[in-house]
Structures are given as structure tokens and as C-alpha cells.
Amino acid sequence: MYADQPGSLIQILQGAQDVYGYLPADVLQRIADRLGVALGKVYGVATFYSQFYLERRGRHVLKVCDGTACHVQGAAALADAVSSEYGIEPGETTADGELTTEIVYCLGSCALAPVTVLNDQVMGKMRPEDLLRRIKQSLQASPKSGA
Amino acid sequence: MAIRTGLGNLKSELAPVDDMGRRAIAVCRGTGCSSSASAELVQALRGVLAAHGLGDQVEVRRTGCFGFCAQGPIVVVYPGEVFYTQVTPEDARAIVEQHVIDGQRVDGLLYDDPATEGVTEKWHEISFYGKQQRVLLHNCGIIDPENIDHYLARGGYGALKRVLAQMTPEGVIEEVKASGLRGRGGAGFPTGLKWQFARSTQAWPKYVICNADEGDPGAFMDRSVLEGDPHAVLEGMMIAGYAIGGRAGYVYCRAEYPLAIRRMEIALAQARDAGLLGEDILGSGFGYDIYIKAGAGAFVCGEETALIASIEGGRGNPRPRPPYPAVEGLWHQPSNVNNVKSYAYVPHIIRRGAAWFRGIGTEKSPGTAIFALTGKVNRTGLVEVPMGTTLREIIFDIGGGIPDGKAFKAVQTGGPLGGCLPEAYLDTPVDFDSLREAGSVMGSGGMVVADETTCMVEFAKYFTQFVCDESCGKCPPCRLGSIRMLEALERITAGLGKPEDLDEIRRLAEGMRQSSLCALGQLAADPVMSTLRHFEDEYRAHIEERRCPAGQCQALLTYSIDPETCVGCTLCARNCPVEAISGERREPHVIDQAVCIRCGTCHDVCRFGAVVVG
């Protein structure tokens, strides 16, 4: 629906990512072909913005906010706790494809700092032990299909 | 909602369609309170009302942000504007049965105001609001932002009607100029003058762009306005479109604000239905529409030329100015770029007059300032005060001071391109010029408070890390300068700093300021330089004494056990991950400094306070 509107590449990529969960290489190629632009241009835009992912992400996604307010209220301790519990650094996904964690800058909920978002649910005033418990609950509540 | 057919009958149609003071329970549905379960609360209230047969007599109104996010979810019961805090779904029954039906206020949910004796009942009597003046936020917490009738009932679109019926575009620009409104994105450029530049450029079509890419960490003013009063932003953009001769408007909103985007989309659909957008608006002959573009996560897109590149669908790289967007902007056409708040002030200025606006605030910075007050302060939230209010009044009178009896250390304004001010500057009035003279900036409105436990070197390192991550990479001073700066700061916080590192930081800062392409690089060193200016002794303690006075830099801490306090319970020794602690049961333990990795576990687990951090 956007193909004929100029300046819609970002919206097209957002739409594709909503469908696939990330942006596989062949999808980028198809978008480039359809728009009649070089793959390099599509790739350039996809890599510029932090919300586009070129690799498959975990079934559960945890965002730890490290905006200024969350930073002074201890966001680093939250990220460290998750890293040591699940053995992944921010931006990585666990080997079983269950959990991806990432650091984001400011979700605008600063009055509730430190803030984390687990699968689009905003959780304010988090402490490391609460966060680990919420992650565990979330992972257990929706076990992998077929597992 | 009435469909408007012409200017003649608009006045009668704009008469209040809803008495906002009638029986209603207003529940905050801003992002903050929503994450504190206010959605479930709305459901619970409606359920209890329905059970008592009051479903159609008492409105449960979902409103925008009340600002007092620290005490959320907030509920206000009308009539009487009784202010309840930290309300849970379980409290719904008490609010309906005790307050609405029996007329008895629910004391347990009232705010226990430390500034006054006992609880406070009414919204505007709470000390948090005492020094505030809500101009931009006058609808936030009162109207349902998803209902255009509420906006109309509060005088909404009255300014647009007046502009289209009675004013020339030049007259609108003169009025905005006369009001002295300065751009609320942070730079403080006179808004009316900017509009005049866009109007005077001879090219067509022209565009109006609303910068809603509120990327500053620690800031949520724009988000609250978009979520709480979206029609005010649209009305301001329509008036701007009429004034500059615009064909269309774009709202560029960051994708991290899904609720704001949704509310804007709802507002746009309602405005189109009401005939306030489209061809021949209200029979005036003026044709105009507004579109929303969601960003995709890039701080630099808050810079106006990068933002335009992003609306065009490309990488958000800035380009050199001039030409300014007023001459050559979106699709190479003249474009007017303003911040969310700047547009939202305009309907108020048109409706109440430039002189009224000038009567608020200071001579050179008229109007109000809106801050997201966060960090180490008791009452975090959204604050709107007349320009010229002092930092001390905001942090201590409104914000209630520093939690846990700790000492104030610094306040950071202006986001990651702003600056930190120490206690000696607390009586600085907040306005564009005073803050700049003090070594910080007004910025868009982030205000983060740091206490004695915040290390200013680590704070500076944090901002530099942010710039490294968000630099678009186009120009080397920003791309490479920020990395070199970060390396120097990392050395200092790791206990490896040398005195020459401070010279290196100053040299890099000057280079970035002079030669970066856009404001991101030019201002990137400001947080570092402001901490160096006001807290140089803290930097020197790290470098010369290998000591972090705030006790935050792990590598510079030493842990030891006070033999007088230690009871020899062995808990610390059992929890130490590197077996650095030794000692017999019931005897004082000792930490081997050569083995200790300074993880702090012993300090955390000790029940007797025997582990001393130095």
C-alpha cells in the first residue's frame, strides 16, 4: 500500500518487521526490487535505525531503559542481573531462542525509573530480584510450542 | 460531535457540549499510570458503577497525565476534584460506594502531603501543584484526549475558527511574534520569526513539521502533551499552516511512544470528520491536512534536517545549514519545523492574546516552562511553572527535595546535550538565557536530579556513551571525538586516569564544538564540560587519589570489615564469589584486597553493617 507513496521506505520496513519479527535478507531484497531502488539503500536505512533487526529475535524481548533518570536510579544493576542470570549481553539472544535483552534510551516513563519493558508490558520501579522473577514467570507461562 | 459546515454557525456549535465538572471519575491513562495498572482500574470502576446501576450517570473518564506520576495511578473524582493517589483496582469499590454514593471521601487514598499537616483533599491544594501554572497542560488530567467534544468544550478549535474568520496570515504571525513565544525544542528561537521566514520564501507547496521525536533520555514533556491533549497540537499546526501558507503538516513522532501515536491518529480522524482538515476548511477556502510519521529509533532525528531526511524515508543524516528548512526543507520545499509544545501554545496565544502570554514568565522568556522532573527527587513527575521560577523552587518546593535524607549534588537540564549545575546555582531562574549563562541549557525540558551518591565523572561518561551510540557517523569530529572522549572518561573511572586526560578532554570538546556538522556533535561535550567546570575536584580525586568520592565507581572502591562490628557469622565469606574473605566462625573476618574483585556482594549480604566501603 505504500509502494507508490514517496518516502515510505521506513513504513514499509516497519510493516515487514511486524510480519516477520525481523528483517531477513531476502525480504530486504524483495522490498528493493519492488521499489526499484538499490538493495544498498534499503540496507542503509535498515541499519541506521535502532528498531530494525536483521537477525531473528527471542520469543520474549526484555528492554532495559538506560535513559538518564533510569541510569541514576540503577538501570545498570538490572542489566547486570539479567546478563549474569541468562549469560547474554544486551543485544544478544539466548541459545534456545527464548529471550532477547536490549538496552534502550528512554521510554518516557522516567517518573517510574528504573523502567523495563517485557514483551511490551511496561514495568516501573524495578529491582533486580523482581525483574528476574518476572522474566522467569513470563518464560514459564508460555512454554515453547512442542516443548 | 457536530459536523461543521461554515464559519457562521461555528460559534454556537462550539458552545460547551459537556459540562466537565459533572459527576465523573477521571483516571490517568498516561504512559506512567498505565504501566501502574490504570487500565484495570478503569474496568473495575466501570464494573462497580454498573453493579449499582450508575453506569450511565457517572462517567469514568480516561485522561492524559496529571503530572504527579510518582503517586500514580491518579484518580480525581468530580465534582469537588478530590485527588486520590496510588489507586489500585481493588480500591474501585470504595471510591464508588463510599465516595460517589455515600458522599464520604476515602481518606486512605488521599495524598499525605509532607508539606502540610495531614492529608490534602483537592487537586490544586497539593504542594506539588502549588507553584505550578498549567497553561500547556490545562487539559491534561481533565479531558478525555480521545474525545474531540471534550476539547471543544474547553474552548478547543476556537483559535482556529478565529484565525480563519478574522485574521490574515500576516496578522497571525504578528500576534505570535508579539507574544514573544520562543521555540520550546530547546534553542529558544522566536517562533513568529521562524514562521515569517517560511511565509516569505517564494515557493509552493510549503510544509509544517511537528518535531515529536523527543529523544532526550529523561524527558517526557512532549509525550504527555501528545497523549493528554493531542488536538491542541493539531490546532497549533493548522494555525501555523494557515500562517505560512502551508499545504500539509507532518507529525514526526518517535516509535517508542506508541500511545502518543495512537492518540494522534484518533485525533486526526476526528478532526477530519469534523471538517477541520481537508479541502476548504470551515468554508474558508483554506485546504490543509496533517499526517503522522513514526520514527524508527535514532536520536539524531530530533535535529531538524535529519528529521526531514527521515520523513523522506532515508537515513536520518543531518546536512549543513543554510539553507534552513524555511527556505529548503521537506522535498526541497519551504518547511516550518517546531517542537510539539511550541505548536500547542499557539491556540492559547490566539485565544487569549499576546499580551496575556507576555504577562507570564520573564521579559525575554515569556510563558511557562514544562519539565520532566526525575532522578533522585521525592516527587517525580511533570511540572509546568512560569519561566523565571528557580531551580530550588522546582526541586525542593514542588519536587519535595532529595529522598532518604541524602544531599543534593547536581541538577542536569537539557538532556544529553545539556549541562549539570551544582548547589551554588540552585537559585538560578529557569529561562533560556539564565540557564545558558550558568553553563547549562533550557533544552526541551528534561530535569534529572543527582544526589551525593551519583558520581559526576560516571554521569559524564554516561552522556558520552549515549553520544557514541547515537552519533550518525557522518562527520568525524562527532563520530571519533566522542569515542576518544569516552575512552578518557573510562580510564578515569577505572582508576587509570592521568592528569593529562583532563587536557585531552578539553581539547576534544573544543574540536567537537567548533567543527561538528550539527548540534548533536557541537553540544555533545557540554555535559562533560559542565561537570568538569563545577566538579573538577571529583575528577581529580579519581585521578590523583584513585578515589571515587560518591562511592559509585566499582574499580575505585575498597571493601573492608570493621572488626568491632563483625560477629563472625561467615555469611560474607560464603557468598564471596572469589573466596577473598577469611576468618573463623564467631571471629572478625578479613578481606584479602589482592583477591577482592569489588563486586559488593559482602556489603549487600552483611546483616550487621560491618562491611565498610571506602
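Residues numbered from 1 in each chain as written. Chains lettered and ligands numbered in written order. Predicted model: local features only at pLDDT ≥ 70, side-chain atom pairs only at ≥ 80, totals over all residues. Heavy atoms only, no water.

### Some points on the overall build of chain A
Note the following rule: Secondary structure counts use DSSP, requiring at least four H or I residues in a row for a helix and at least two E residues in a row for a strand, with both numbered from the N terminus. Whether two residues are in contact is decided by their heavy atoms, any of which lying within 4.5 Å being enough.
What chain A contains, in helices and strands, is six helices and four strands. Beginning at the N terminus, the succession of helices and strands in chain A can be written as α-α-α-β-α-α-β-β-β-α. Reported as C-alpha extents along the three principal axes, the dimensions of chain A are approximately 50 × 40 × 25 Å. Look at the contacts in chain A between residues 6 or more apart in sequence, and 58% of them connect residues 24 or more apart.

### Points about helix α3 (residues 38-51) of chain B
Quick reminder: α-helices carry 3.6 residues per turn. Residues three or four places apart thus point the same way. Residue and element names in this part refer to chain B. Selection criterion: Helix span, expected: 1.5 Å multiplied by one less than the number of residues in the helix. For the exposure calls, accessible area comes from a 1.4 Å probe over protein chains only, and a residue counts as buried if that area is under 20% of its type's maximum, exposed if over 50%, partly exposed in between. Here, the arc refers to the directions that run from the helix axis to the C-beta atoms.
Helix length check: α3, at 14 residues, gives a terminal C-alpha distance of 20 Å against a target of 20 Å (1.5 Å per residue), a fit within 8%. Residues S38, L41, V42, L45, V48 and L49 constitute the buried set of α3. Buried residues in α3, looked at end-on, bunch into an arc of 135°, giving them a common side. Exposed side of α3, more than 90 degrees from the buried face: Q43, A50 and A51 are the residues found there. For α3, the secondary structure elements touched by its buried residues are β1 (24-28), α2 (31-35), β2 (59-63), β3 (75-78) and α4 (92-101). Two residues or fewer after α3 comes G53, characterised by a positive phi angle close to 70°.

### Thoughts on the pattern of salt bridges
Residue and element names in this part refer to chain B. Spelled out, the test is: Take a side-chain nitrogen of Lys or Arg and a carboxyl oxygen of Asp or Glu: if they are within 4 Å of each other, that pair is a salt bridge.
A complete count under the given rule lists 36 salt bridges over all chains for this structure. In this structure, D107 engages R105 in a salt bridge whose closest nitrogen and oxygen atoms are separated by 2.7 Å. On the accessibility criterion, D107 (43% relative accessible area) is partly exposed. Residue classification places R105 among the partly exposed residues on the basis of a relative accessible area of 34%.

### Things to note about the packing of aromatic side chains
What describes a pair of aromatic rings is the distance from one ring centre to the other and the angle between the planes of the rings. The condition is simple: Two rings from Phe, Tyr or Trp (for Trp, the six-membered ring) form a pair when their centres are within 6.5 Å of each other. A pair whose planes differ by under 30 degrees is stacked, one over 60 is edge-to-face, and the rest are tilted. Throughout this description, the term charge over a ring refers to an Arg CZ or Lys NZ atom that lies within 6 Å of the ring centre and within 35 degrees of the ring normal.
Counted under the stated rule, the structure contains 26 aromatic pairs over all chains. An angle of 85° between the planes, with centres 5.5 Å apart, marks the rings of Y242(B) and F286(B) as edge-to-face. Of this pair, Y242(B) sits in helix α11 (residues 230-244) while F286(B) is found in the loop between α12 (258-273) and β9 (289-294), placing the two residues 44 residues apart along the sequence. The buried category is assigned to Y242(B), whose relative accessible area is 16%. Exposure remark for F286(B): the relative accessible area of 12% places this residue in the buried category. Arranged with centres 6.2 Å apart and planes meeting at 55°, the rings of W356(B) and F357(B) form a pair that is tilted. Classification of F357(B) as buried rests on a relative accessible area of 1%. Each residue in the set F66(B), F68(B), F83(B), Y111(B), W123(B), F128(B) and Y129(B) is aromatic and connected to the rest through ring pairs, giving one cluster. Here the basic side chain of R57(A) rests over the ring of Y53(A), its NZ or CZ set 3.5 Å away from the ring centre.

### Some details on the interface of chain B and chain A
This is how the line gets drawn: Buried area is a sum: the accessible area each of two parts loses on coming together, probed at 1.4 Å, counted once for each and added. Two N or O atoms count as a polar contact when they lie within 3.5 Å, although within protein this holds only if one can serve as hydrogen donor and the other as acceptor, and sequence-adjacent residues are included solely when both atoms are side-chain atoms.
Taken together, the contact between chain B and chain A spans 51 residues of the former and 33 residues of the latter. It is A296(B), R315(B) and Y462(B) that lose the most area in chain B upon contact with chain A, and together they represent 19% of the buried surface on that side. The interface formed by chain B and chain A contains zero salt bridges. Inspection of the chain B/chain A interface yields 21 residue pairs in polar contact (both at pLDDT 80 or more).

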